[in-house]
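Each chain, written out:
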Amino acid sequence: DYSQLANMPVFKELDSLYNWPWESVAEAVWKRYENVPKFPQRKKVENLEQILVDAGSKAVFKRQITYDYSQLANIPVLQGALGSLSDFKMTEEIEFNWARKELKVTASYVSPEKQVKYNEVSFFKVDPESENGKRTVMRQSGFSTVDLIFGMQQLGEHFCEQVYNFNFKQNHEADVALLNEFPRLADHADGAEACPAFIRNMFPDQFKPPPAASVDG
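Each value, and the rule that gives it
- Residues numbered from 1 in each chain as written.
- Predicted model: local features only at pLDDT ≥ 70, side-chain atom pairs only at ≥ 80, totals over all residues.
- Heavy atoms only, no water.
- Pairing = 2+ DSSP bridges.
- Helix = DSSP H or I, 4+ residues; strand = E, 2+ residues; numbered from the N terminus.
- Axes fitted to C-alpha atoms, helices over the stretch in contact; angles between N-to-C directions.
- Contact = heavy atoms within 4.5 Å.
- Salt bridge = Lys/Arg side-chain N within 4 Å of Asp/Glu carboxyl O.
- Buried < 20%, exposed > 50% of the residue type's maximum accessible area, 1.4 Å probe, protein only.
- Phe/Tyr/Trp six-rings, centres within 6.5 Å; stacked < 30°, edge-to-face > 60°.

Trainee: Looking at this model, I keep getting lost on the sheet that holds strand E6 (residues 116-126). Mind explaining?
Mentor: As a general point, the strands of a sheet are linked pairwise by backbone hydrogen bonds and lie either parallel or antiparallel. Sheet architecture is open: 7 strands sit in the order E1-E7-E6-E5-E4-E3-E2, paired in antiparallel fashion. Two strands bound the open sheet, and with one partner strand each, they are strand E1 (14-18) and strand E2 (42-53). The average undirected angle you get between the axes of adjacent strands in this sheet is 20°. Pairing analysis gives 9 bridges linking strand E3 (residues 58-67) to strand E4 (residues 88-97), with the strands arranged antiparallel. Paired with Lys 62 across the strands is Glu 93, a residue of E4. Sheet contacts for helix H3 (residues 153-181): E1, E2, E3, E4, E6 and strand E7 (136-146); angle to E1, the most-contacted strand, approximately 10°.

Pasting the structure below:
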């Protein structure tokens, strides 16, 4: 609950709806490629770590995303405080919980001098009002902390809010474009609580196929 965080500008919660099942949306989020037509400002995606947690019931992926946000704040003095806006590096953590059909994406940034901190969380789940779970809802929330000199404070806070709204719009548009291009992304054949195939494929040692049944001669 970000409203409990004192002295931190809390962004307005934003909601979006996907007309696809959770498994497909989760895979589209994982496949947020760089330099896509609907989000060309997402310049580079680097995978850092992938682990299974909670006895193999959840997967966590960490990656670094490089963005070009120079169009959001073409102010040289602000760029000096934030670092390069054309190579703006965020750390992203994606947590898949396939048994509960929940996906959490946390994006964070800390400026070189730690004067600006940004946190953005997107939470995806099955739309409770959809028939047979064929739709997915997403809620984005977040906050920032900005500690800059007088005159720069509001510029920094405004930039963070711009990033927050920009990411919401562009990520959704890029996700939908990918889902339209590949309408059957995910494998749904293994039951409601099964780990999606694209995750199993990334952990081949943990998700080994069962041995083939012997055939008596």
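Trainee: I would appreciate a short explanation of the pattern of salt bridges in the present structure.
Mentor: Pairing between side chains of opposite charge can happen when their charged atoms approach one another. If you walk through the whole model with that rule in mind, you get 15 salt bridges. Across the pair Asp 127 and Arg 135 runs a salt bridge whose closest N-O atoms are separated by 2.9 Å. Take Arg 135: its relative accessible area is 26%, and that puts it in the partly exposed class.

Trainee: It is not clear to me how the environment of Lys 114 should be interpreted in this structure. Could you clarify?
Mentor: Relative to the helices and strands, Lys 114 is located in the loop between strand E5 (102-110) and E6. On the basis of relative accessibility, which here comes to 60%, the residue Lys 114 falls in the exposed class. Counting along the chain gives 31 residues from Lys 114 to Thr 145, while the straight-line C-alpha distance between them is 9.5 Å.

Trainee: Help me understand the environment of Leu 178 in this model?
Mentor: Of note, Leu 178 is situated in helix H3. According to the relative accessible area criterion, Leu 178 is buried, its value standing at 11%. In the structure, Leu 178 is positioned 142 residues away from Val 36 in sequence and 9.3 Å away in space, judged by C-alpha atoms.

Trainee: What is the right way to look at the packing of aromatic side chains in this model?
Mentor: The description of an aromatic ring pair rests on the distance of the ring centres and on the angle between the ring planes. Following the criterion strictly, the structure yields 15 aromatic pairs and no others. Arranged with centres 4.6 Å apart and planes meeting at 40°, the rings of Trp 30 and Phe 61 form a pair that is tilted. One end of the pair, Trp 30, is in helix H1 (residues 22-30); the other, Phe 61, is in strand E3, and 31 residues separate them in sequence. For Phe 61, a relative accessible area of 1% gives the class buried. Through successive ring pairs, a cluster of aromatic residues spans Phe 39, Tyr 67, Tyr 69, Phe 88, Tyr 109, Phe 159 and Phe 166.

Trainee: For this particular structure, what's the right way to read the pairing of E2?
Mentor: Inspection of the sheet shows E2 paired to E3 by 10 bridges, in the antiparallel sense. Bridge assignment links Lys 44 to a residue of E3, and that residue is Thr 66. The turn joining E2 and E3, which pair antiparallel and follow one another in sequence, is formed by 4 residues; a positive phi near 50° is taken by Asp 54.

Trainee: Hey, could you run me through the pairing of E7 in this one?
Mentor: A regular strand places its side chains so that they alternate between the two faces of the sheet. With 10 of 11 residues buried, E7 is to be regarded as a mostly interior element. Pairing geometry for E6 and E7, over 11 bridges, is antiparallel. By the bridge assignment for E7, Val 126 is matched with Thr 136.

Trainee: I keep staring at unusual backbone geometry and nothing clicks. Help me out?
Mentor: Leaving glycine out, the prevailing phi sign among residues is negative, and the prevailing peptide bond configuration is trans. Phi at Lys 114 is positive, roughly 60°, even though this residue is not glycine. In this model, Asn 132 sits at a positive phi of 60°, which is unusual for a non-glycine residue. Along the chain, Asn 132 falls in the loop between E6 and E7. Using a relative accessible area of 65% as the deciding quantity, one classes Asn 132 as exposed.

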